[in-house]
Structure formats: structure tokens, C-alpha cells
Amino acid sequence: MRFLHELSQLVFPTRCFGCNAIGLTICSTCRREWHPHYYLTYVSSIKVHSAIIYSPTASKILLAAKESGIRGADILIVESIIHVLSQADFSDVDVALVPIPSSSLSKRRRGRAFIIDIVDQIGQQTSLPVINALELARPVKDQSGLHSAERAKNMNGAMRVRAGVIRRADLVLIDDVVTTGATLREAARALTAAGCHVVGSVTACVAQPLR
Ligand SMILES: [Zn+2]
């Protein structure tokens with residue numbers, strides 16, 4: 001097995017998933033750039049708590065997790081969201097985590113529902129309840145290729161609350177990155193319209209300023 005591992009390292013050397021340098025799965029330079037802090041941003045009236053300023057390196061780390069399923073990148077995202085959950089003061093509320101739903105197209109391409117998977121890992125590590133409350137009511141385009149107005153249009157009315165969701169808890173929306181806020185705004189709208197209480201959002205990364 002060791003021989004096979006060494007052979008595969010020769011053919012497919014391990015590269016940093018932040019900058020592609022050959023070596024560790026994440027190099028020290030990228031690790032420094034992915035150092036969780038605490039940032040508070042507002043999307044309409046929604047409080048968004050985040051760990052990392054969105055940058056080209058952060059974007060590559062998110063893509064490594066999302067598109068390539070690299071476990072080390074998942075761990076960085078999970079850790080940063082847990083860090084922010086501990087910084088944001090949710091102590092006086094009965095928090096449950098709500099993942100932002102993925103499109104069925106991206107689920108098929110990636111082989112998993114990315115944020116739902118990340119939030120499950122966070123739930124296991126923090127013992128916070130996870131409520132998979134949202135689903136897409138219609139197909140949406142991948143937001144990454146769209147500018148701000150197109151993103152808002154793409155998400156407008158796109159989500160709904162799944163049948164049978166418990167409405168007691170104070171819900172915290174979890175996503176990997178907030179860029180324009182269109183997705184979070186739609187998620188909060190759908191939950192509020194269904195009588196749920198949204199107390200805010202926690203994201204790994206935040207674009208500053210929001211675009
Ligand atoms: Zn690197």
C-alpha cells in the first residue's frame with residue numbers, strides 16, 4: 001500500500017488546493033490567508049457573520065471542497081463556520097442550523113449536496129440541531145457566472161420551505177460565501193413567509209464590499 005501511495009505521488013503529486021504548489025495539501029501561505037476572524041455584514045436586515053474575507057485563494061479553497069470534494073478543504077470550511085458560530089452571540093436563542101439548498105444539477109455534478117453535507121459535519125461537531133428546511137421551488141442557474149442584478153432575478157422566489165419542517169427554533173442560515181446576498185435574502189424570505197424565525201446567517205467567506 002505504501003508503495004502504491006508513493007507511486008501515485010509520483011504520477012499525481014499532492015498540490016496545495018489554494019495555490020496549486022506541489023507539497024502539502026494546503027501550504028503555509030494559503031493557511032495564513034485562510035485564518036478565521038470575525039466579520040459582521042448586513043444583507044437587508046439579515047445579520048451575516050463570517051470568518052474569512054473572500055479572495056482568490058479563498059475562492060480556490062471553496063472550489064476544491066465544492067467541485068473536487070477535497071476533504072482538507074471541507075475541514076477548513078467546517079472549522080471556520082464553527083469559529084464564527086462561537087463568536088456570534090446566539091446564546092439567548094434556541095439555534096438550529098439551516099443549510100442553503102443546492103440545485104439538483106450541481107448535486108449530480110458534485111455527487112453530493114455540498115452545503116447540506118458541510119452543515120451535517122458542523123452539526124455533528126457542535127451538537128447544534130440541523131434542520132434541512134429549504135428546497136428549490138424551481139431550477140436556478142449557477143450564481144457564479146451572473147452579475148448582481150441577474151443573481152437577484154435568478155434567486156427571486158426560487159426557494160420554499162419543505163413540508164413538515166418544525167418552526168419552533170431560531171434559524172441560522174449557513175452558506176459557504178456571501179457575495180451579493182441574493183441567495184441569503186431569498187432563503188430568509190422563504191422561511192419568514194412560512195412563519196419561521198431567522199436570526200441571522202453564518203458564512204465561511206464574505207466578499208467585501210458585497211457586490
Ligand atoms: Zn498554497
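None of these values were measured; they are calculated from a predicted model.

Conventions and cut-offs
Residues numbered from 1 in each chain as written. Predicted model: local features only at pLDDT ≥ 70, side-chain atom pairs only at ≥ 80, totals over all residues. Heavy atoms only, no water. Helix = DSSP H or I, 4+ residues; strand = E, 2+ residues; numbered from the N terminus. Rg over C-alpha atoms; globule rule 2.2 N^0.38 Å. Buried < 20%, exposed > 50% of the residue type's maximum accessible area, 1.4 Å probe, protein only. Pairing = 2+ DSSP bridges. Axes fitted to C-alpha atoms, helices over the stretch in contact; angles between N-to-C directions. Contact = heavy atoms within 4.5 Å. 1 Å grid on protein atoms, 1.4 Å probe; cavity = no way out; pocket = protein on both sides within 12 Å on 5 of 7 lines; lining within 4 Å. Points joined across faces, edges and corners; volume = space filled by probe spheres on them. Nonpolar A, V, L, I, M, F, W, Y, C, P; charged D, E, K, R; others polar. Domains from an automatic or database assignment. Buried area = accessible area lost by both parts, 1.4 Å probe. Salt bridge = Lys/Arg side-chain N within 4 Å of Asp/Glu carboxyl O. Donors = N, O, S within 2.8 Å, 3.2 Å for Na, K, Ca; no water. Parallel < 35°, antiparallel > 145°, perpendicular 65-115°, else oblique. Left-handed = near helix turned anticlockwise from the far one by under 90°.

Caption draft 1: The overall build of the protein chain, seen in detail. Within the protein chain one finds eight helices and seven strands. Here the C-alpha atoms of the protein chain give a radius of gyration of 18 Å, agreeing with the 17 Å that 2.2 N^0.38 yields for 211 residues. With respect to the principal axes defined by its C-alpha atoms, the protein chain has extents near 55 × 35 × 35 Å. Burial analysis of the protein chain (211 residues in total) assigns 47% to the buried set.

Caption draft 2: Molecular detail of the sheet that holds strand E1 (residues 39-43). Taken in spatial order, the five strands line up as E1-E2-E7-E6-E3 in an open sheet, and their pairing is mixed. The open sheet has two edge strands with one neighbour each: E1 and strand E3 (95-99). The mean inter-strand angle of the sheet, taken between neighbouring strand axes irrespective of direction, is 30°. One ladder, built from five bridges, connects E1 with strand E2 (residues 46-53); its direction is antiparallel. Across the sheet, the residue bridging to Tyr39 is Ser50, located in E2. Against the sheet, helix H3 (residues 56-66) engages E2, strand E6 (170-178) and strand E7 (197-206), with an angle of about 110° to E6.

Caption draft 3: Structural detail: the layout of surface pockets. Taken as a whole, the largest pocket holds about 810 Å³ of empty space. If you go around the largest pocket, you meet 36 residues; those closest to its centre are Lys66, Arg110, Asp142, Gln143 and Ser144. Of all the secondary-structure elements, those providing two or more residues to the lining of the largest pocket are H3, helix H5 (104-110), helix H6 (114-126), helix H7 (148-155), E6 and helix H8 (182-193). Per-class residue counts for the lining of the largest pocket are 16 nonpolar, 10 polar and 10 charged. What the second largest pocket holds in volume is close to 190 Å³. Around the second largest pocket, the lining comprises 15 residues; the ones closest to its centre are Ser102, Ser103, Ser104, Lys107 and Leu136. At the level of elements, H5 and strand E4 (134-136) are the ones that each hand at least two residues to the lining of the second largest pocket.

Caption draft 4: Here's a closer look at the domain arrangement of the protein chain. Each assigned domain of the protein chain is listed with its residue range as follows: domain 1 (1-33) and domain 2 (36-206). Spacing between the C-alpha centres of domain 1 and domain 2 amounts to 29 Å. Listed by partner, the interface residues are six residues for domain 1 and 11 residues for domain 2. Roughly 710 Å² of surface becomes buried between domain 1 and domain 2 when both sides are summed, with 63% attributable to carbon and sulfur atoms. Taken together, the connections running from domain 1 to domain 2 amount to one salt bridge. Of the charged contacts, one joins Arg31 and Glu79 as a salt bridge, the two residues approaching to 3.5 Å between their closest N and O atoms. In the side of domain 1 that touches domain 2, the residues fall into three nonpolar, one polar and two charged.

Caption draft 5: Broad picture of the coordination of the zinc ion. Coordination of the zinc ion by the protein comes from Cys16 (SG), Cys19 (SG), Cys27 (SG) and Cys30 (SG), over a distance range of 2.2 to 2.3 Å. Look at where the donors of the zinc ion fall in the sequence and you get C-x2-C-x7-C-x2-C. Remark: Cys27 occurs in the loop between helix H1 (2-11) and helix H2 (28-33) and Cys16 occurs in the loop between H1 and H2; sequence separation between them is 11 residues.

Caption draft 6: Here's a closer look at the packing of helix H4 (residues 71-87) against H6. Packing of H4 against H6 leaves a shortest axis separation of 10 Å and a crossing angle of 60°. Between H4 and H6, the angle is such that the two are oblique. Our pair here, H4 against H6, has a crossing hand that is right-handed. Contact residues: H4 offers Arg71, Asp74, Ile77, Val78, Ile81, Ile82 and Leu85, while H6 offers Phe114, Ile118, Gln121, Ile122, Gln125 and Thr126. By residue class, the composition of the contact of H4 with H6 is eight nonpolar, three polar and two charged.

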